[in-house]
Amino acid sequence: MKGVKSIIQVLLNIAIVVALSFGLYHFIFNVWLDSYTNHNEFVEVPDLSKMNITDATAKLEELGLTYEVDSSRFDPNTKPFSIMDFYPAAQSRVKEGRRIFIKSNPKTYRPVELPDLIGKSKRLAFTQLEISGLKIGKIIYEPDLAKDAVLKILYNGKIVKAGEQLPRFATVDLVLGRGMLSGVRMPNLINLTLTDAKKSIKDNFFEIGQIKFIGASNDTINARVVYQFPFATDTYDQGQPIDLWLSTEPRDKIRTQLKELDIQYKNFGEDTIRGSQYRDIITQKAEQQIKDLQQQQNNPTTEQPKPTEAPKAPEEVIIE
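It should be emphasised that the depicted structure is a prediction, and the values quoted were computed from it without experimental measurement.

## Let's talk about helix α2 (residues 53–62)
Buried within α2 we find Ile53, Ala56, Thr57 and Leu60. Looking straight down α2, one finds its buried side chains confined to an arc of 95°; they lie on one side. Away from the buried face of α2 by more than 90 degrees, exposed residues Thr54 and Glu62 are located. Considering only its buried residues, α2 is in contact with β2 (66–70), β3 (83–87) and β5 (99–104). At the C-terminal side of α2, glycine 64 shows a positive phi close to 80°.

## What to know about unusual backbone geometry
A cis geometry characterises the amide bond from tyrosine 87 onward to proline 88, with omega recorded as -5°. Along the polypeptide, proline 88 turns up in the loop between β3 and β4 (93–94). In this model, phenylalanine 229 is joined to proline 230 through a cis peptide bond whose omega is 0°. Its location among the elements puts proline 230 in the loop between β14 (224–229) and β15 (235–236). A positive phi is found at phenylalanine 81, a non-glycine position, where the angle reads about 70°. Looking at the element boundaries, phenylalanine 81 is found in the loop between β2 and β3. Under the relative-accessibility criterion, phenylalanine 81 is labelled partly exposed at 40%. Of note in the backbone geometry, phenylalanine 205 takes a positive phi value of approximately 65° without being a glycine. Topologically, phenylalanine 205 is positioned in the loop between α4 (194–203) and β13 (207–213).

Thresholds applied
Within any chain, residue numbers begin from 1 and follow the written order of that chain's sequence. Given that the model is predicted, a residue must reach a pLDDT of at least 70 before its local features are reported, and side-chain atom pairs must reach 80 or more before they are shown or counted; all residues, however, enter totals for whole chains, interfaces and linings. As a rule here, side-chain values come from all non-hydrogen atoms in the structure, and water together with hydrogens is ignored. Here's how the labels work: a residue is buried when its accessible area is under 20% of the maximum for its type, exposed when over 50%, partly exposed in between, all with a 1.4 Å probe on protein chains only. Numbering goes from the N terminus for both helices and strands, where a helix is a DSSP run of H or I of at least four residues and a strand is a run of E of at least two. In this description, the arc belongs to the directions extending from the helix axis to the C-beta atoms. Residue contacts are defined here by distance: any two heavy atoms, one from each residue, within 4.5 Å place the two residues in contact.

Encoded structure:
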């Protein structure tokens, strides 16, 4: 009898546990969860297609909905700040707090970053600018050893550097190296100050070479250029150095030093003749020899004159 009562008691306890579990399950999933998640309570998504982005976001906030806006792509055929697309669609029933995804047209194209083109070839610069969405305006050439290499980039006349933000499809001008010219006439630097001489050298795309002083003073402010090499009458290749001699002394007081420089750089002194004079002499003698030979051929019976020998160049003669 006691055994039967024990079994009944166990079964009763099990029934109580099952009933409590079922009741708890029903309360959680049918009462509390429905209340917590607003079960059977929905919000209708409004039609955002005719709104601008400001009005659309305000409407969603009013309905208790959240949103995420994508305005990365500009459509020139669509009004700025208008709604291009959204999801879920209009009249969809969603729960409060649901996120609405919106595509909005920005005011204009997003700016682009200027690529690093300095020192790059013209061909590579053209390609990278096209990829970046930038247009090429003027091509400006400046003397530089790096031919067709990018030296500077200009936007609205001002230099811009790599990494700067520019409007998409903006037009930039490229400054390229054209190489150095050869046979350019030298500027006359005599009697210029050192500052003015340096400026003239740079303006003519030459380089500043050695700077020396004649006399005891090394005053770079009051001194003037008294000698230059190459000379103002010479032609020279751009990019090459020009040497300068400065002095605060009058030219008549440094005449000896200037003559010594002439002997060193012009390769002639008072007792020698210029190379051009020597070439004239040789040319005249050669022409005379040709005339004598022609006369001999026309008069074969006449005694043949001895050919005139060209004079030997003096030892001190040096052709310029």
